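# Chain and residue survey
The primary structure of each chain is shown beneath.
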Amino acid sequence: MDIRETARPLDGAGVSAFLRSLPARPLLLGLGEARHFVEELGEARNEIFRHLVEHEGYRSFAIESDCLMGLVVDDHVRTGAGTLDDVMERGFSHGFGASPANRELVRWMRAYNEEHDEKLRFFGFDGPLEYWAASPRQALTGLYDLLDGPPPCTRETLDALLGPDGRWSDEATVMDPSRSIGRSADARRLRLIADDLVALLETQAPRLSPQDGERAALYGRTAVGLLRYHHWMADTSPERWTRLSALRDAMMAANLRAVAGHGPALVFAANLHLQRDKSLMPLGDRLLEWWSAGALAATHLGDRYAFLASAFGTAGDDAPPPDTVEGVLSTLPWDRALVDARRLAGAVPEAAPRVSPDFAYFPLDPARLGMIDGIVFLKRAVRLGGPG
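The text that follows walks through the structure, step by step, so that each part is easy to find. (Residues numbered from 1 in each chain as written. Predicted model: local features only at pLDDT ≥ 70, side-chain atom pairs only at ≥ 80, totals over all residues. Heavy atoms only, no water.)

### Topic: helix H1 (residues 12–21)
Looking at H1, one finds that the buried residues are Gly 14, Val 15, Ser 16, Phe 18 and Leu 19. Contacts from the buried residues of H1 go to strand S1 (7–9), strand S2 (28–33), helix H2 (39–56), strand S8 (305–315), strand S9 (336–340) and strand S10 (374–381). (Buried < 20%, exposed > 50% of the residue type's maximum accessible area, 1.4 Å probe, protein only. Helix = DSSP H or I, 4+ residues; strand = E, 2+ residues; numbered from the N terminus. Contact = heavy atoms within 4.5 Å.)

Pasting the structure below:
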């Protein structure tokens, strides 16, 4: 098979043709990152999203960033609250606010909403965590403030149990579980309080406005998930990192299911988080293995979840060997292509895995092409960055 028969140029017509080729119209279209902080991919993503909004009825965008910080961005794109500089500073985690492509996306979403009655929405769908976790204060106090009637504890008790935020967000807990307070008496009591707050708000759902109901559900997922994550941060067993990785993706998947409730959305995150099968990541002499957020979301959404992985030909100074999937795709005549991954799997049955010297780049696995709906391929990715 000529490799060109598996691909088309990456443009609006190609994106619409790809959507029509799927068994169902996706509520969530995942666009994966083979590497974070690649500006060329961010720019291609923006073009894809604009086309989806203007021609395919998409109204939401979700990114692998703190779900609570994302409220700042959503408020800005819907209402114009805050300045763009402030929103980029306070509305993103992981250093993503420094990305020019993310800034342009937020600017465009706000400009679109100024001219249209049906508003675009912005969501962060990661928890307030990465390898360590934030304080559950914002989520718990947000739940507390939404209550009507007697709470399970006083506000003073809640503040005392939370204590200084620094004892929750101590980055040293990454390598030293003994530094975590996740299994302290205070943390155990907070888990019970979080459960009570969620249950009480569920009993009061009829009086909540749609926005308050949405916030209550988000705060509830986040508070319970954060306290669970902190519990396992204090674990000393060999399964600690596998459990933490799985819990993070489970929080992501729960947020994605909520995003899907707002209609078709483009989701942007690492390939590892959005793929349909298990994620594998080496850590020291171990190989971590857990079900990704994409796999969990697809379990609930079925064919209403679709996944586009991304891949690069030459990334910085790293050019792919010709016998790898990326090497074969580099022979395509287009600088940016949209590839049918399942047809590609049949066309390159003997492809070798790519080994990249860039630890931040995750190459395509030839054995897993059949689990991907499509590939966004950039022949060159030159502007590679990182947080800070």
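### Regarding the pairing of S9
Note that S1 and S9 share 3 bridges and pair antiparallel. Residue pairing across strands places Pro 9 opposite Ala 337, the latter belonging to S9. Strand direction decides the pairing type here: S9 and S10, joined by 5 bridges, are antiparallel. Across the sheet, the residue bridging to Arg 336 is Leu 378, located in S10. (Pairing = 2+ DSSP bridges.)

### Let's talk about the side chain of Ser 279
Mapped onto the secondary structure, Ser 279 falls in strand S6 (residues 278–283). With relative accessibility at 0%, the residue Ser 279 sits in the buried group. Only 2.5 Å separates the side chain of Ser 279 from the backbone oxygen of Leu 272, close enough to count as a polar contact. A polar side-chain atom of Ser 279 sits 3.4 Å from a polar atom in the side chain of Gln 275. Beyond its immediate chain neighbours, meaning those up to four positions away, Ser 279 contacts Leu 272, Leu 288, Glu 289, Trp 290 and Ser 292. (Polar contact = N/O pair within 3.5 Å; in protein donor to acceptor, adjacent residues only side chain to side chain.)

### Description of the sheet that holds strand S3 (residues 60–66)
As summarised here, the arrangement of the 8 strands in space is S1-S9-S10-S8-S2-S5-S3-S4, forming an open sheet in which the pairing is mixed. Each edge of the open sheet carries a strand with a single partner, namely S1 and strand S4 (121–126). With strand direction ignored, the average angle separating the axes of adjacent strands in the sheet is 25°. Here S8 runs beside S10; their pairing, made up of 7 bridges, is parallel. Its bridge partner lying in S10, Ser 310 is registered against Val 376. (Axes fitted to C-alpha atoms, helices over the stretch in contact; angles between N-to-C directions.)

### What about the pattern of salt bridges?
Under the definition given, this model contains 33 salt bridges. Two residues, Glu 104 and Arg 107, come together in a salt bridge whose shortest N-O distance is 2.8 Å. Of this pair, Glu 104 and Arg 107 both sit in helix H5 (residues 100–115), 3 residues apart, roughly one helical turn. On the basis of relative accessibility, which here comes to 30%, the residue Glu 104 falls in the partly exposed class. We note a salt bridge from Glu 239 to Arg 286, for which the minimum N-O separation is 3.7 Å. Highlighted residues: Glu 239 in the loop between helix H9 (210–233) and helix H10 (240–260) and Arg 286 in strand S7 (residues 286–291), separated in sequence by 47 residues. According to the relative accessible area criterion, Arg 286 is partly exposed, its value standing at 32%. Salt bridges linked by common partners bring Asp 74, Asp 75, Arg 78, Arg 121 and Glu 214 together as one network. (Salt bridge = Lys/Arg side-chain N within 4 Å of Asp/Glu carboxyl O.)

### Examining unusual backbone geometry
We note that Phe 37 has phi near 65°; this positive angle belongs to a residue other than glycine. As for its position among the elements, Phe 37 is in the loop between S2 and H2. Accessibility expressed as a relative area gives 16% for Phe 37, which makes it buried. The phi angle at His 94 is positive, at roughly 65°, despite the residue not being glycine. You can see His 94 is positioned in the loop between helix H4 (84–90) and H5. On the accessibility criterion, His 94 (17% relative accessible area) is buried.

### Topic: empty space enclosed by the protein
Under the defined criterion, the tally for this structure stands at 2 cavities of 30 Å³ or more. Reported here for the largest cavity is a volume of approximately 140 Å³. Every residue lining the largest cavity is counted, 15 residues in all, and those nearest its centre are Glu 33, Phe 37, Ser 99, Asn 102 and Phe 268. The set of elements that each furnish at least two residues to the lining of the largest cavity consists of H2, S3 and H5. By residue number, the principal contributor to the lining of the largest cavity is H2, which donates 4 residues. Within the lining of the largest cavity, the residues separate by chemical class into 7 nonpolar, 4 polar and 4 charged. As for the second largest cavity, its lining consists of Val 15, Phe 18, Leu 29, Ile 48, Leu 308 and Leu 338. Looking at the lining of the second largest cavity residue by residue, the class counts come to 6 nonpolar, no polar and no charged. (1 Å grid on protein atoms, 1.4 Å probe; cavity = no way out; pocket = protein on both sides within 12 Å on 5 of 7 lines; lining within 4 Å. Points joined across faces, edges and corners; volume = space filled by probe spheres on them. Nonpolar A, V, L, I, M, F, W, Y, C, P; charged D, E, K, R; others polar.)

### Considering H10
End to end, H10 covers 30 Å across 21 residues, agreeing with the expected 30 Å (1.5 Å per residue, within 8%). The buried fraction of H10 is high, at 16 of 21 residues. (Expected span 1.5 Å × (residues − 1).)

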